[in-house]
Amino acid sequence: MGQRGVAQIVVAILVVIGALVAGKIAWEKYTEQYAITREADGRAITRIVSVKFAGASAIKVGALTGTVQASASDTRGFGMLTSDKVVKAPFSIDYFVDMSKLPPDAYRWDAERRILTIEAPEVVPAAPNVDWAAQTASHTRGLIVTRDASDQLARQTTLNARRAAVIEGMRPEHLAAARENARRVLADLASAPIAATGEQDIRIIVQFPFDARGQHEQVDRSRSLEEVLGNQY
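Residues numbered from 1 in each chain as written. Predicted model: local features only at pLDDT ≥ 70, side-chain atom pairs only at ≥ 80, totals over all residues. Heavy atoms only, no water.

Student: Would you take a moment to explain helix α3 (residues 172-196) for this structure?
Tutor: With 25 residues, α3 should cover 36 Å at 1.5 Å per step; its first-to-last C-alpha distance of 37 Å lies within 8% of that length. Within α3, burial applies to H174, L175, A178, R179, A182, R183, L186, A187, A190 and I194. Once α3 ends, the next one or two residues include G198, with phi positive near 90°. (Helix = DSSP H or I, 4+ residues; strand = E, 2+ residues; numbered from the N terminus. Expected span 1.5 Å × (residues − 1). Buried < 20%, exposed > 50% of the residue type's maximum accessible area, 1.4 Å probe, protein only.)

Student: Any chance you could explain the sheet that holds strand β4 (residues 115-119) here in plain terms?
Tutor: Strand pairs in the sheet, formed through backbone hydrogen bonds, run parallel or antiparallel to each other. Pairing is mixed in the open sheet, where 3 strands are placed in the order β3-β4-β8. Pairing within the sheet leaves two strands with one partner each, and these edge strands are β3 (107-110) and β8 (203-207). If you compare each strand with its neighbour and ignore which way they point, the axes differ by 20° on average. When β4 meets β8, the two strands line up parallel, connected through 5 bridges. For L116, the partnering residue across the bridge sits in β8 and is I204. (Pairing = 2+ DSSP bridges. Axes fitted to C-alpha atoms, helices over the stretch in contact; angles between N-to-C directions.)

Student: Help me understand the pattern of salt bridges in this model?
Tutor: Opposite charge on two side chains allows them to pair when their charged atoms are near. Considering all chains together, one arrives at 11 salt bridges under this definition. Two residues, R179 and E122, come together in a salt bridge whose shortest N-O distance is 3.0 Å. With a gap of 57 residues between them, R179 in helix α3 and E122 in the loop between β4 and β5 (124-125) connect regions that are remote in the sequence. Residue classification places R179 among the buried residues on the basis of a relative accessible area of 3%. Judged by relative accessible area, which is 11%, E122 ranks as buried. For the salt bridge of E180 with R183, the shortest nitrogen-to-oxygen distance reads 2.9 Å. One end of the pair, E180, and the other, R183, are both in helix α3, 3 residues apart, so they sit about a helical turn from each other. What makes E180 partly exposed here is its relative accessible area of 40%. (Salt bridge = Lys/Arg side-chain N within 4 Å of Asp/Glu carboxyl O.)

It is worth stressing that arrangement in space is one thing and function is another; only the former is reported here.
Here it is, written out as structure tokens:
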């Protein structure tokens, strides 16, 4: 067998291995997201399907809480079957500063004025957490609400609630409040090791990219609406 034949066999083996790996990944994804585990009598059970741990270096600097109302409508049967749904539930949004994005040159020391300036990464809101288990209202209207229509209404109200919460979390006044609290948090973190050295009368100033752009900017664009929402329906 020539070198060409050997190369063809190697390629064929690699293709088969690739297909097997892709099939295994696809099966694991299907099992995780779609396959339902049931008891012997056919009842679905409650269990953890998968779990992953990811390290993080972000510091929580604030939290926004409130109640969101979301609505959705659905039309089927050539316009003959209409239904709508409205829900209300509490939500929360955490604000973070990712310290892994803090470069070594982020610290500036003014020895004459005894001022330490920290150029901190922008404060970013996390994806909202809507507590559906604690929802205070859930009303569905319609002469006939099919199962598919009910599922669609539930998905749409969930997405609309999260979208409304994201927009609220990105409001300039909430971001400004998170930045002000972040200044205190980061200044306190920096003051501890400074105090341990015996240094006194040192002023710590924390600045964010937003400060450099100027307060005339009314919208923070550190993360887009789609980035915060992520892959939601």
